[in-house]
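Residue strings, one per chain:
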Amino acid sequence: GGSPIQQHRGPQGDGPCTKLAWAEWPDLHQWHIVKYSSADWVTTDQLRPAVPYNISDLAKYVEELRALGSNVYDMWLDNREVLQVGNLTEMAEVLQADGVPFGVWSQPAEGKCSIYLDLPGNGLAVELVSREFSGEPLRSRCVSSNFDLCAAA
């Protein structure tokens with residue numbers, strides 16, 4: 001897992017308008033999440049209708065159409081963070097125990113399977129990918145859900 005990174009930012013970077021959360025993974029990969037629901041500048045600067053939505057509106061839109069629990073791939077999943085994990089079965093068990101919906105797609109030719117999950121409140125997604133996914137029911141879901149965007153629907 002990742003460890004938090006201490007940050008020193010002024011009020012414009014971390015304060016009443018935004019909240020930044022950083023993590024550094026064991027491979028030194030750094031990742032940050034920005035929560036800026038109170039800084040929806042499109043609304044506050046009255047730029048509508050020229051700009052049709054602000055960040056909060058977009059996140060809400062994406063999360064309302066997202067159906068990962070039903071294994072539905074949406075176009076917003078094309079932009080995601082991909083993280084390699086050691087054992088995908090263990091990740092699936094934790095997510096299931098916590099009631100977190102997730103999609104599963106595999107790439108059989110590469111011997112990989114992935115879990116896709118949503119980062120609540122911002123419409124972003126994470127893909128956890130591994131070559132270890134032997135536990136049930138994950139193994140069955142991986143076998144039955146090949147990732148192929150070119151296949152006929």
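None of the values given here were measured: they were computed from a predicted structure.

Caption draft 1: Representation of the environment of Gly86 in the model. Along the chain, Gly86 falls in the loop between β4 (80-84) and α3 (88-97). Once the C-alpha coordinates of Gly86 and Glu132 are considered, the two residues, 46 residues apart in sequence, prove to be 6.8 Å apart. When residues no more than four places from it in sequence are discounted, the contact partners of Gly86 are Ser130 and Glu132.

Caption draft 2: Spatial organisation of the confidence of the model for the protein. This prediction gives the protein a mean pLDDT of 74; 61% of its residues lie at or above 70. Mean pLDDT across the elements of the protein bottoms out in strand β1 (residues 3-4) (45) and peaks in strand β5 (residues 103-107) (92). When the criterion is pLDDT under 50, residues 1-17 qualifies, and its contacts beyond four places in sequence or with other chains add up to 31 contacts.

Caption draft 3: A look at the sheet that holds strand β6 (residues 112-119). Taken together, four strands build an open sheet; the order of strands is β4-β7-β6-β5 and the sheet is mixed. For this open sheet the edge positions go to β4 and β5, each flanked by a neighbour on one side alone. Each strand axis lies, on average, 25 degrees off the axis of its neighbour in the sheet, ignoring direction. In this sheet, β6 lies alongside β5 in antiparallel orientation, the contact comprising five bridges. Paired with Val104 across the two strands is Ile115, which belongs to β6.

Reading the values: the criteria
- Residues numbered from 1 in each chain as written.
- Predicted model: local features only at pLDDT ≥ 70, side-chain atom pairs only at ≥ 80, totals over all residues.
- Heavy atoms only, no water.
- Helix = DSSP H or I, 4+ residues; strand = E, 2+ residues; numbered from the N terminus.
- Contact = heavy atoms within 4.5 Å.
- pLDDT = per-residue confidence, 0-100.
- Pairing = 2+ DSSP bridges.
- Axes fitted to C-alpha atoms, helices over the stretch in contact; angles between N-to-C directions.

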